[in-house]
Amino acid sequence: AAGRPLHVGPPSWAGHNRWSKVRNVKGPRDAARSRLFQRLSLMLRTAAREGGPDPALNAQLANVVEQCRAKNMPKASIEAAIHGAERSAAAARLLYEARGPGGSALLLEVLTDNPRRSQQEVRLILTRHGGTMAEGARHGFEQKGVVRVGPRDLQGQPVSLEAALEAALEAGAQDVCPDEEEDEEEEPALKFICETSALRTVRERLEASGLRPLSAAIEYLPRDRVTLPEGTREQAERLLQALGDCPDIVRLYHNIQ
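Our subject in this report is the structure included herewith. (Residues numbered from 1 in each chain as written. Predicted model: local features only at pLDDT ≥ 70, side-chain atom pairs only at ≥ 80, totals over all residues. Heavy atoms only, no water.)

### As for the overall build of the protein chain
Move 1: For the protein chain, the count of helices and strands is seven helices and nine strands.
Move 2: Taking all 257 residues of the protein chain together, 45% fall into the buried category.
Move 3: A fraction of 74% describes how many contacts in the protein chain between residues 6 or more apart in sequence connect residues 24 or more apart.
Move 4: Accessible area for the protein chain stands at about 13300 Å²; split by element, carbon and sulfur atoms hold 48% of it. (Helix = DSSP H or I, 4+ residues; strand = E, 2+ residues; numbered from the N terminus. Buried < 20%, exposed > 50% of the residue type's maximum accessible area, 1.4 Å probe, protein only. Contact = heavy atoms within 4.5 Å. Areas by Shrake-Rupley, 256 points an atom, 1.4 Å probe, with all protein chains shown as cover.)

Shown next, in the form of structure tokens:
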């Protein structure tokens, strides 16, 4: 891998948190954390139903558990969600395509036990904020493996860009950039991008190099980005905030610069 070029990317805005970071107000912050844990619990139950309750034998469940720990979800809540999987209703996985203000493209990953209700809620949110359901939006995105790594290594030392570049080359990643989806007061994680087929290998190699993986998943990354004028961007901000508040949406991707 020594001779292979590595692209070092700018911060990547994959999720909705670029503008909708929870302000330093206790009420909104607690509400956002509650929604996050609600989503993670649904993801835990779904993964456990589909592949069994043992993370050692269920890679998808192990990855969600890793995400829960990275977000400081209580251990008791994690275990309760997994053990409650058999009693819960089966959830459907859906991918909605949409257009937002200024022709922006959106992809919404949904987990729900009531697809009709979820579609109605999402359609209503889009309509209220200048968006619409739109087939074909997914063509503006490509699936990639994404490994998020903590800003400090397993020894608690800060990870420099130089160290991240070296680790990316050794692990076989294509791109590394700061992950700007964290809360404002937290140090940004590092996001390593790779081919989907290499996701597990890249994660294992990053951990073996002394880094601290927070999550590893296949995500949709925009092929190109659109820059919106100020007024349109404010409308897009309100749309992304409203979609982020919808509990059935577990992941939101957009191509807004």
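### Notes on the pairing of strand β2 (residues 92-99)
Move 1: Pairing of β2 with strand β3 (residues 105-112), which is carried by eight bridges, proceeds in the antiparallel orientation. Paired with L95 across the strands is E109, a residue of β3.
Move 2: Hairpin connection, β2 to β3: the antiparallel pair is bridged by five residues, and G102 has positive phi, about 70°.
Move 3: Examined bridge by bridge, β2 and strand β4 (residues 132-133) share two bridges and lie antiparallel to one another. Directly across from A98, in β4, lies its bridge partner M133. (Pairing = 2+ DSSP bridges.)

### Things to note about helix α4 (residues 115-128)
What sets the pattern is the α-helix's 3.6 residues per turn: residues three or four places apart point alike.
Move 1: The terminal C-alpha atoms of α4 lie 20 Å apart, and with 14 residues this matches the ideal 20 Å at 1.5 Å per residue to within 8%.
Move 2: Along α4, the positions that sit buried rather than exposed are S118, V122, I125 and L126. In a view along the axis of α4, the buried residues occupy a sector of 100°, so they form one face of it. α4 presents R116, Q120, T127 and R128 as exposed residues on the side facing more than 90 degrees away from its buried surface.
Move 3: Packed against the buried residues of α4 are β2, β3, β4, α7 (230-244) and β9 (249-254). (Expected span 1.5 Å × (residues − 1). Arc of directions from axis to C-beta.)

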